[in-house]
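Structural characterization, general
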Amino acid sequence: MDLSHVLLYAIVPILVVMLAGYISGKKGIFTGDDAKKFNKVVLDYALPAALFVSIVQASREDLVKDIKLTIVSTVGIMACFMLVYFVFRMFKKNTGADAAVSALISGSPTIGFLGFAVLEPIFGTSPSVALVVAIVGIVVNAIGIPVGLSLMNASLEKQHPGTGSKESAWKPVLHALAQPVAWAPILAVVLVVCGLHWPAWASPSFDLIAKANASMAVFSAGITLAAIKITINWQAVLGSIMKMIVMPAVVLVIGLLAHMDPLNLKMLIVACALPPAFSGIIIADEYNTYVATGTSSLTLSVILFIGFCPLWIWITDMAINTFA
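Read on for a plain summary of the structure. Only a predicted model underlies this, so the values are computations on that prediction, with no experimental measurement involved.

**Description of the packing of aromatic side chains**
Tallied over the full model, the rule gives eight aromatic pairs. A centroid spacing of 5.4 Å and a plane angle of 70 degrees characterise the contact between F30 and F38, whose relative ring orientation is edge-to-face. With a relative accessible area of 26%, F30 lands in the partly exposed category. Judged by centre distance (5.7 Å) and plane angle (85 degrees), the ring pair of F30 and F219 falls under edge-to-face. Linking F30 in the loop between helix 1 (3-26) and helix 2 (32-55) with F219 in helix 11 (residues 212-226), this pair joins segments that are 189 residues apart in sequence. A connected cluster of aromatic rings, assembled from ring pairs, spans F30, F38 and F219.

**As for a nonpolar patch on the surface**
On the surface, I230, I232, V237, I241 and I245 cluster together into a nonpolar patch covering about 360 Å² of accessible area. Exposure remark for V237: the relative accessible area of 33% places this residue in the partly exposed category.

**Focus on empty space enclosed by the protein**
Evaluated as defined, the whole model comprises two cavities of 30 Å³ or more. Estimated volume of the largest cavity: approximately 70 Å³. Of all the secondary-structure elements, those providing two or more residues to the lining of the largest cavity are helix 1 and helix 15 (291-323). The biggest single contributor to the lining of the largest cavity is helix 1, with four residues. Taken together, the residues that form the lining of the largest cavity break down as nine nonpolar, no polar and no charged. By volume, the second largest cavity is sized at about 30 Å³. F88, S102, I105, S106, Q235, G239, Y290, T293, G294 and S297 are the residues that line the second largest cavity. Residues that form the lining of the second largest cavity fall into these classes: three nonpolar, seven polar and no charged.

**Examining the pattern of salt bridges**
This structure, assessed with the given rule, holds two salt bridges. The partner of K40 in a salt bridge is D44, and the shortest N-O contact between them spans 2.9 Å. With a gap of four residues between them, K40 and D44 both fall in helix 2, about one helical turn apart. One salt bridge connects K266 with D317, and the closest N-O pair in it is separated by 3.0 Å. Of this pair, K266 sits in helix 13 (residues 262-272) while D317 sits in helix 15, placing them 51 residues apart in sequence. The exposure class of K266 is buried, given its relative accessible area of 14%. Under the relative-accessibility criterion, D317 is labelled buried at 19%.

The rules behind each value
Residues numbered from 1 in each chain as written. Predicted model: local features only at pLDDT ≥ 70, side-chain atom pairs only at ≥ 80, totals over all residues. Heavy atoms only, no water. Phe/Tyr/Trp six-rings, centres within 6.5 Å; stacked < 30°, edge-to-face > 60°. Buried < 20%, exposed > 50% of the residue type's maximum accessible area, 1.4 Å probe, protein only. Helix = DSSP H or I, 4+ residues; strand = E, 2+ residues; numbered from the N terminus. Patch = residues over 30% accessible without salt bridge, like charges linked within 9 Å, V, L, I, M, F, W, Y side chains within 5 Å. Areas by Shrake-Rupley, 256 points an atom, 1.4 Å probe, with all protein chains shown as cover. Salt bridge = Lys/Arg side-chain N within 4 Å of Asp/Glu carboxyl O. 1 Å grid on protein atoms, 1.4 Å probe; cavity = no way out; pocket = protein on both sides within 12 Å on 5 of 7 lines; lining within 4 Å. Points joined across faces, edges and corners; volume = space filled by probe spheres on them. Nonpolar A, V, L, I, M, F, W, Y, C, P; charged D, E, K, R; others polar.

Limitation: the analysis is restricted to geometry and does not speak to function.
Here you go:
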């Protein structure tokens, strides 16, 4: 794949829009609270609409072909999620809650905010791109976040008895699945499996809000970065290494061993090379746990992504040509 195409059509536009959001945040035009509202529009309306209308146009054959994608995504991402948790748990200064936030940040790609913005300019607009975004999004939101919250609550309860949540372990899972970003793609998959035809005239009603997804998400990310204090330390660097190097490498190996479809594997690797999940920062801020280091790791990873995105595409191409 042409490196200049990746840079000009995927990386540069993101940087320009993110910079616009960052400058707006620094000038006080928009605040961190505004960014949260923009994020809600993205996660509750724009992204679900984009996922639904893209997936519902796929065929049963497409879904069957993507079974390996689902398995590799789940195993690879969650293996890295738990690896980040245990690595950061080993450090004496870190509590279990700190390690859980580290996993929610450095063990999860920000697929909801940058997925379409990065993948579509590189791989085109197709149901396959939407399926990758949807599957990785479901793994991150419906599996990763509940697991991370459970680990965090268990640690907080141990440190301060009576402060942690003792609710059912299934409640975070059900809450995650109740969000539009989770049930919308699942509903689309069900419709495709049942063979129900989606009329072409219905898509424009979803397209208008769906088109706001990438631009609003990236602009909001810039505002968020402007609203937080950045302090680079060795744990922030380690978190970036775990996210930008270890996760794509692990998923690439698993994908090659599973003999994944080459195009699906390339899209999945790019998705896994995305910067850390912004949702982890939101959770860290809500619990006032590991905020500074987690935010610093996120910022550093955003910068590193400029180089690692084309690098991982090149590495994946080389690996596929060598081992396929």
